Amino acid sequence: MQIFRAVVEAGSFAGGARKLGLSNAMVSKQISRLEALLGVRLLARTTRRLQLTAEGERYLQGAARLLDELGELEAELGEQRGEVRGRLRLSAPLDFGVRELMPALQAFEQAHPGVELEVVLEDRRVDPLAEDFDLVVRIGTLEDSSLIARPLMAMPIHLYGAPSYFERYGVPRHPRELANHRCLHYSLQRGGPGWVFQVDGQLERVRYRPVLTCNNGRALVEAAARGMGLAMKPAFLGEPEVRRGRLVRVLESFAPPPLAVHLLYAERELMPARLRVLIETLLAHFQARSA
């Protein structure tokens, strides 16, 4: 069952063999034995790709469920002996996951090598329940009322531009002047092109017409550092370039409030020890950083 699932997930016998550390011949032999045992063809083999048969699709669903249940049982027994083990799926925004989350996960992995972490980094808003994630990092507004939310950190954001840009286009003195500036837009930002500032004690959304739109925050920081325009980005992305002299902050007296970062997870009657320990590790890591 494990070999069959690995082959399907990898899309090839060779990929499944690499994932499991087995030879191609061994993997092929085990799949053939499985099909002979079941008396059905599970995979339609072509020269270009593998395709599940109808029987293979049904068997995969059942096998995956049984393997997951077996993994849960083994993890529960291990946790009763004081071990933390098993599998966890974690989703986080791409840039935050690369820059901020990995150091915390390194500490967790070193302390609990029996836990297998699957980390999915992407900027769309995933559905933890529908997509089977144990834990989700969410930046910004919370809308998932059915989920438990634990505050992780407050993430400062700033408006950045390059010295070369300001030499050419001048420095904005008020957010409303941004209509006359070249602005770089993050395409996954909700509400379309517009940045929120604190003006006269009130939050005001200032709209702009972007000269460049991109779905990656690091790319927009690089574009800003090259003088292509202004970018509103989290400090963890912008400050390294400030220290290098490639970017400077502007409109600091109008800076928006920090974005809230939360851990989201579904309520459970009995939370697995591995998930509880991961949550505690992440909360402690970010709390120590902000102290």
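Since the model is a prediction, treat every value here as computed from it, not as a measurement. (Residues numbered from 1 in each chain as written. Predicted model: local features only at pLDDT ≥ 70, side-chain atom pairs only at ≥ 80, totals over all residues. Heavy atoms only, no water.)

Further remarks concern the overall build of the protein. A count of helices and strands for the protein gives nine helices and 14 strands. In summary, the protein has a C-alpha radius of gyration of 24 Å against a globular reference of 19 Å for 291 residues, an excess of more than 25%. Burial analysis of the protein (291 residues in total) assigns 42% to the buried set. Within the protein, counting contacts between residues at least 6 apart in sequence, those at least 24 apart form 69% of the total. Taking the average location of the 39 positive side-chain charges in the protein and that of its 35 negative ones, the two points are 7 Å from each other. (Helix = DSSP H or I, 4+ residues; strand = E, 2+ residues; numbered from the N terminus. Rg over C-alpha atoms; globule rule 2.2 N^0.38 Å. Buried < 20%, exposed > 50% of the residue type's maximum accessible area, 1.4 Å probe, protein only. Contact = heavy atoms within 4.5 Å. Lys, Arg positive; Asp, Glu negative; His and termini not counted. Charge placed at Lys NZ, Arg CZ, Asp CG, Glu CD.)

Taken as a whole and assessed by the stated rule, the structure comprises six aromatic pairs. Measuring from centroid to centroid gives 4.3 Å for Trp195 and Tyr208, while their planes differ by 40°, and the two rings are tilted. Here Tyr208 lies in the loop between strand S10 (202-207) and strand S11 (210-214) and Trp195 lies in strand S9 (residues 194-199), a separation of 13 residues in the sequence. The class for Trp195 is buried, based on a relative accessible area of 4%. For Tyr208, a relative accessible area of 8% translates into the label buried. Taken together through their ring pairs, the aromatic side chains of Phe96, Phe236 and Phe286 make up a single cluster. (Phe/Tyr/Trp six-rings, centres within 6.5 Å; stacked < 30°, edge-to-face > 60°.)

On the surface, Leu20, Leu22 and Met26 cluster together into a nonpolar patch covering about 220 Å² of accessible area. Mapped onto the secondary structure, Leu22 falls in the loop between helix H2 (13-20) and helix H3 (24-38). (Patch = residues over 30% accessible without salt bridge, like charges linked within 9 Å, V, L, I, M, F, W, Y side chains within 5 Å. Areas by Shrake-Rupley, 256 points an atom, 1.4 Å probe, with all protein chains shown as cover. Salt bridge = Lys/Arg side-chain N within 4 Å of Asp/Glu carboxyl O.)

Attention shifts here to the side chain of Glu239. Looking at the secondary structure, you find Glu239 in helix H8 (residues 235-243). A polar side-chain atom of Glu239 sits 2.5 Å from a polar atom in the side chain of Tyr160. Contact partners of Glu239, with chain neighbours within four places excluded, come to His158, Tyr160 and Arg249. (Polar contact = N/O pair within 3.5 Å; in protein donor to acceptor, adjacent residues only side chain to side chain.)

Counted by the stated rule, this structure contains 15 salt bridges. Residue Glu118 pairs with Arg87 through a salt bridge whose shortest N-O separation is 2.3 Å. Note that Glu118 is positioned in strand S4 (residues 115-121) and Arg87 in strand S3 (residues 86-92), a separation of 31 residues in sequence. According to the relative accessible area criterion, Arg87 is partly exposed, its value standing at 38%. The shortest N-O distance in the salt bridge between Glu204 and Arg176 comes to 2.9 Å. Here the residue Glu204 occupies a position in strand S10, and Arg176 occupies one in the loop between helix H6 (163-169) and strand S8 (183-186), the gap between them amounting to 28 residues. Bridged by salt links that share partners, the residues Glu222, Arg226, Glu241, Arg244 and Arg246 form one connected network.

Along the chain, Ile3 falls in helix H1 (residues 2-10). Given a relative accessible area of 17%, Ile3 falls into the buried group. Contacts of Ile3, omitting those with residues within four sequence positions, involve Leu20, Leu22, Val27, Gln30 and Ile31.

Before going further, it helps to spend a moment on the pairing of S10. Note on strand geometry: in a regular strand, side chains alternate between the two faces of the sheet. In the sheet, S9 pairs with S10 via six bridges, with the strands oriented antiparallel. Within S10, the position partnered with Trp195 by the bridge is Val206. Adjacent in sequence and paired antiparallel, S9 and S10 are bridged by two residues, among which Asp200 carries a positive phi angle near 55°. (Pairing = 2+ DSSP bridges.)

To continue, consider the pairing of S3. Among the seven residues of S3, six are classified as buried, and the element is accordingly described as predominantly covered. Pairing geometry for S3 and S4, over seven bridges, is parallel. Residue Leu88 lies in a different strand from S4, and its bridge partner there is Leu117. Note that the unit made of S3, helix H5 (residues 94-111) and S4 has a crossover that is right-handed. (Right-handed = clockwise from strand over helix to strand, strands pointing away.)

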